[in-house]
Amino acid sequence: AQSVTQLDSQVPVFEEAPVELRCNYSSSVSVYLFWYVQYPNQGLQLLLKYLSGSTLVKGINGFEAEFNKSQTSFHLRKPSVHISDTAEYFCAVYSSASKIIFGSGTRLSIRP
Amino acid sequence: EAGVAQSPRYKIIEKRQSVAFWCNPISGHATLYWYQQILGQGPKLLIQFQNNGVVDDSQLPKDRFSAERLKGVDSTLKIQPAKLEDSAVYLCASSRGQVEPFFGPGTRLTVL
């Protein structure tokens, strides 16, 4: 069975500092991977996705993620965060079981 | 393109009462999902429709939850009777061909 682990429930960073949100998954088959962002009182918005090809994926709002098959990871990064990036971030995995499984989320808080 | 619409946005009920949520997916999206997001957790899939047929309802508590998608467009999710532990945000999402779902703003349910 597939699963997704987000290692940090909260990540505080200073404005303009870099950030990395960690995600590890387990699956015995090929997977597709996603990062979603959820702002307060809103639904989830797709940040980026990995389906195949280049392991470095660029998304919206300056975010990028790197797929590492050997380490079964898909960490999300941004070189310089802004106050507006304050939100909850969810990693998700999809496999041939045709179901998307979400991690428990990482709350990113930006300090001025 | 209009997004996924959900109503109501907020609902407060007493335990043992009934409640229904409505979802209108993005036009042309054949796949519709209902997720339950409990505070501090990632979304959990309750039911997935392909047109008006059920693809996956393995995590739907069928003794109290029901969902339908008449004519393969709009969908309703009902809880009868509600329990305290049903307090959560109920997210509707849809997709067409592509893997990743597009989410609506959600309905926040509070059961007292």
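Bear in mind the structure is a predicted one, so any value in this text is a computation, not a measurement.

Caption draft 1: Spotlight on the overall build of chain A. Tallying secondary structure elements over chain A gives 0 helices and 12 strands in all. Helices and strands in chain A line up, N terminus first, as β-β-β-β-β-β-β-β-β-β-β-β. A compact globule built from 112 residues would reach a C-alpha radius of gyration of about 13 Å, and chain A, at 13 Å, matches this within 12%. Seen through its principal axes, chain A has C-alpha atoms that stretch 40 × 30 × 20 Å. Looking at chain A as a whole, 46% of its 112 residues are labelled buried. Within chain A, contacts between residues separated by at least 24 positions form 54% of all contacts whose residues are at least 6 apart in sequence. Here chain A contributes 9 positively and 8 negatively charged side chains, and the mean placements of these two sets differ by 8 Å.

Caption draft 2: Spatial organisation of the nonpolar core. Core analysis: the biggest nonpolar cluster contains 28 residues, and L33(A), W35(A), L47(A), L48(A), F74(A), L76(A) and Y89(A) have the highest contact counts within it. Of all the elements in the fold, those that place two or more residues in this core are β2 (10-14), β3 (19-21), β5 (32-38), β6 (44-50), β8 (64-68), β9 (73-78), β10 (87-94) and β12 (106-111) of chain A. Residue contributions to this core peak at 4 residues, all from β10(A). With residues up to four places along the chain from it excluded, the contact list for Y89(A) reads Q6(A), L21(A), W35(A), Y36(A), V37(A), L47(A), F63(A), L76(A), G105(A), T106(A) and L108(A). One finds I13(B), V19(B), F21(B) and W34(B) within the second-largest nonpolar core, a separate group that totals 21 residues.

Caption draft 3: Region of the structure containing the state of the cysteines. Taken as a whole and judged by the stated rule, the model has 2 disulfides over all chains. Here C23(A) connects covalently by a disulfide to C91(A), the sulfurs 2.0 Å from one another. One quick way to see it: the torsion about the S-S bond of C23(A) and C91(A) is about -65 degrees, and its sign makes the bridge left-handed. Of this pair, C23(A) sits in the loop between β3 and β4 (24-26) while C91(A) sits in strand β10, and the two are 68 residues apart along the sequence. A sulfur-sulfur distance of 1.9 Å marks the disulfide that ties C23(B) to C92(B). Its S-S torsion of approximately -70 degrees makes the covalent link between C23(B) and C92(B) left-handed. In this pair, C23(B) is assigned in strand β3 (residues 19-24) and C92(B) in strand β9 (residues 88-95), connecting sequence segments 69 residues apart.

Caption draft 4: Just the packing of aromatic side chains, in detail. Enumeration according to the criterion identifies 13 aromatic pairs over all chains in this entry. Considering the side-chain rings of F102(A) and Y35(B), the 5.6 Å spacing of their centres and the 90 degrees angle between planes classify their relative orientation as edge-to-face. Residue F102(A) is located in strand β11 (residues 100-102), and its partner Y35(B) is located in strand β4 (residues 31-37); the two belong to separate chains. Note on accessibility: F102(A) and Y35(B) belong to one class, buried. In textbook terms, an aromatic cluster arises when at least three aromatic residues are bridged by ring pairs, as seen for F34(A), Y36(A), F102(A), Y33(B), Y35(B) and F103(B). Over the ring of F14(A) we find R111(A); its NZ or CZ atom is 5.8 Å from the centre of that ring.

Caption draft 5: How the structure looks around the interface of chain B and chain A. Tallying the contact residues gives 21 residues for chain B and 18 residues for chain A. Between chain B and chain A, roughly 1500 Å² of surface is buried when both sides are summed, and carbon and sulfur atoms account for 55% of that area. A per-residue breakdown of the area chain B buries against chain A is headed by V99(B), E100(B) and F103(B), which together make up 34% of the total. Between the two partners, chain B and chain A, sit 1 salt bridge. Note that E100(B) is salt-bridged to K49(A), the shortest N-O span being 2.7 Å. Scanning the region where chain B abuts chain A turns up 5 residue pairs in polar contact (both at pLDDT 80 or more). In the side of chain B that touches chain A, the residues fall into 9 nonpolar, 8 polar and 4 charged.

Caption draft 6: The arrangement of the pairing of strand β11 (residues 107-111) of chain B in detail. All names here are of chain B. Only one face of β11 is buried, namely the one carrying T107, L109 and V111, since none of R108 and T110 on the opposite face is buried. As paired strands, strand β2 (residues 10-13) and β11 are joined by 4 bridges and run parallel to one another. Across the sheet, the residue bridging to Y10 is R108, located in β11. Of the strand pairs in this sheet, β9 and β11 are connected by 3 bridges, and their pairing is antiparallel.

Reading the values: the criteria
- Residues numbered from 1 in each chain as written.
- Chains lettered and ligands numbered in written order.
- Predicted model: local features only at pLDDT ≥ 70, side-chain atom pairs only at ≥ 80, totals over all residues.
- Heavy atoms only, no water.
- Helix = DSSP H or I, 4+ residues; strand = E, 2+ residues; numbered from the N terminus.
- Rg over C-alpha atoms; globule rule 2.2 N^0.38 Å.
- Buried < 20%, exposed > 50% of the residue type's maximum accessible area, 1.4 Å probe, protein only.
- Contact = heavy atoms within 4.5 Å.
- Lys, Arg positive; Asp, Glu negative; His and termini not counted.
- Charge placed at Lys NZ, Arg CZ, Asp CG, Glu CD.
- Core = buried A, V, L, I, M, F, W, Y, C linked by side-chain atoms within 4.5 Å.
- Disulfide = S-S within 2.5 Å.
- Phe/Tyr/Trp six-rings, centres within 6.5 Å; stacked < 30°, edge-to-face > 60°.
- Lys NZ or Arg CZ within 6 Å of the ring centre and 35° of its normal.
- Buried area = accessible area lost by both parts, 1.4 Å probe.
- Salt bridge = Lys/Arg side-chain N within 4 Å of Asp/Glu carboxyl O.
- Polar contact = N/O pair within 3.5 Å; in protein donor to acceptor, adjacent residues only side chain to side chain.
- Nonpolar A, V, L, I, M, F, W, Y, C, P; charged D, E, K, R; others polar.
- Pairing = 2+ DSSP bridges.

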